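Working through the structure, step by step
Each chain, letter by letter, is given below.
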Amino acid sequence: MSDKNSAAYNAIAPLYERLMDVDYDVWANYEIEFLKEYSKGNKGVDAGCGSGAFTRRFRRAGFDVIGADISEEMLSVAAETSRREGLDIKYVKQDIRSLKLPERVHFITALTDCFNYVDGAGMRRALSRFHSSLVKGGVLAFDISTEYKLKELIGNGMFGEDAEDYSYLWFNRTFEGGVEMDISLFTKTADGKYEKREEHHTQYVHREQDVLSALDAAGFEVIKVEGHLGAPVSPDCERLNFFAVRK
């Protein structure tokens, strides 16, 4: 995650999974099927794990997985949710660009825009660290929000929601390499008042060919590239999924 994003998700960590318009079960099963087919072992890392939504599902599927993220607030939510659900999962504070593990693992996942939060140089550093962290033949699965999504669908836009216990306003503006995002979150307190918290995100555009070149340079062989949940790749794809193996 870039230095600009070092504090991203501090404010929204407690509500993150509610705010995300994601069917985690369906998406996790898509990733799990890949791991079951291609991973030669069950030890792995969910990098950029956030609140642990995927990490918990991987653990339930029988994988020995660690969650890693740069946000202490998200890791706190992840650890508490895992304890509440009776799951024994280790969470560690790590930047994907400098990932360091005590031993090599069989797989690494980096899901839900993880790579969009680092620029091109950061992506290349992260892939190099992932390569060093995997056993030979270890597999990597990650996704990116596409340029079409960032520039055409959410760039220079305003979004909001007014729920019973929270409201938010989300303002986006594009720049040459991505989108700057400002979020104001209003959460209802016990006395019925609202607490306002703000945070800033920067997401970077990564084009498919640039990602493929970075994977090759880092020592990965690409298994497949797909749209969301296996959809065909097309100019209006909102998300691309990359699956690769360490040479």
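Quick summary incoming for the structure in this document. Note that the structure is a prediction, hence the values are computed from the model and not measured.

1. A few points about the pairing of strand β4 (residues 105–110)
β4 sits mainly inside the fold: five of its six residues count as buried. Pairing between strand β1 (residues 43–47) and β4: four bridges, direction parallel. Bridge pairing in β4 places A47 opposite A110. Across five bridges, β4 lies against strand β5 (residues 134–145) in parallel orientation. Each bridged residue has a counterpart across the sheet, and for T109 the counterpart in β5 is A141.

2. Digging into the sheet that holds strand β6 (residues 158–162)
Taken together, the four strands give an open sheet; going across it, the order is β6-β7-β8-β9, and neighbouring strands pair in antiparallel fashion. Taken across any chain shown, the strands that pair with only one partner, and hence form the sheet edges, are β6 and β9 (194–204). Within the sheet, the average angular offset between the axes of one strand and its neighbour, ignoring direction, is 10°. For strand β8 (residues 178–188) and β9, the ladder comprises eleven bridges, and the chain directions are antiparallel. What sits directly across from F186, in β9, is K196.

3. As for the environment of D69
Relative to the helices and strands, D69 resides in strand β2 (residues 64–69). Using a relative accessible area of 7% as the deciding quantity, one classes D69 as buried. Residues contacting D69, with those up to four places away along its chain left out, are G48, C49, G50, M74, L75, V92, K93 and Q94. A distance of 3.3 Å separates a polar atom in the side chain of D69 from the backbone nitrogen of C49.

4. Here's the deal with the packing of aromatic side chains
Aromatic ring pairs are described here by two measures, namely the spacing of the ring centres and the angle between the planes. Applying the stated criterion across every chain, the model contains twelve aromatic pairs. Each ring, one from W27 and one from F54, has its centre 5.3 Å from the other, and the planes form 80°; the classification is edge-to-face. Linking W27 in helix α2 (residues 24–38) with F54 in helix α3 (residues 53–60), this pair joins segments that are 27 residues apart in sequence. Taken as a pair, W27 and F54 share a single burial class, namely buried. Judged by centre distance (5.0 Å) and plane angle (40°), the ring pair of F159 and W170 falls under tilted. Pair noted here: F159 is in strand β6 and W170 is in strand β7 (residues 166–175), with a separation of eleven residues, a long-range link. Classification of F159 as partly exposed rests on a relative accessible area of 29%. Take W170: its relative accessible area is 21%, and that puts it in the partly exposed class. Taken together through their ring pairs, the aromatic side chains of Y24, W27, F54 and F58 make up a single cluster. One cation-aromatic arrangement involves K224 over F243; the distance from NZ or CZ to the ring centre is 5.2 Å.

5. Describing the pattern of salt bridges
Close approach of charged atoms lets side chains of opposite charge pair. Inspection of the entire model under this criterion finds 17 salt bridges. Two residues, E103 and K43, come together in a salt bridge whose shortest N-O distance is 3.8 Å. Taken together, the residues E103 in the loop between β3 (91–93) and β4 and K43 in strand β1 connect sequence positions 60 residues apart. For R56, the salt bridge identified is with E85, shortest N-O distance 3.2 Å. With R56 in helix α3 and E85 in the loop between α4 (72–84) and β3, the pair connects residues that are 29 residues apart, well separated along the chain. Take E85: its relative accessible area is 36%, and that puts it in the partly exposed class. Residues joined in a network through salt bridges with shared partners are K43, D64 and E103.

Rules of the game
- Residues numbered from 1 in each chain as written.
- Predicted model: local features only at pLDDT ≥ 70, side-chain atom pairs only at ≥ 80, totals over all residues.
- Heavy atoms only, no water.
- Buried < 20%, exposed > 50% of the residue type's maximum accessible area, 1.4 Å probe, protein only.
- Helix = DSSP H or I, 4+ residues; strand = E, 2+ residues; numbered from the N terminus.
- Pairing = 2+ DSSP bridges.
- Axes fitted to C-alpha atoms, helices over the stretch in contact; angles between N-to-C directions.
- Contact = heavy atoms within 4.5 Å.
- Polar contact = N/O pair within 3.5 Å; in protein donor to acceptor, adjacent residues only side chain to side chain.
- Phe/Tyr/Trp six-rings, centres within 6.5 Å; stacked < 30°, edge-to-face > 60°.
- Lys NZ or Arg CZ within 6 Å of the ring centre and 35° of its normal.
- Salt bridge = Lys/Arg side-chain N within 4 Å of Asp/Glu carboxyl O.

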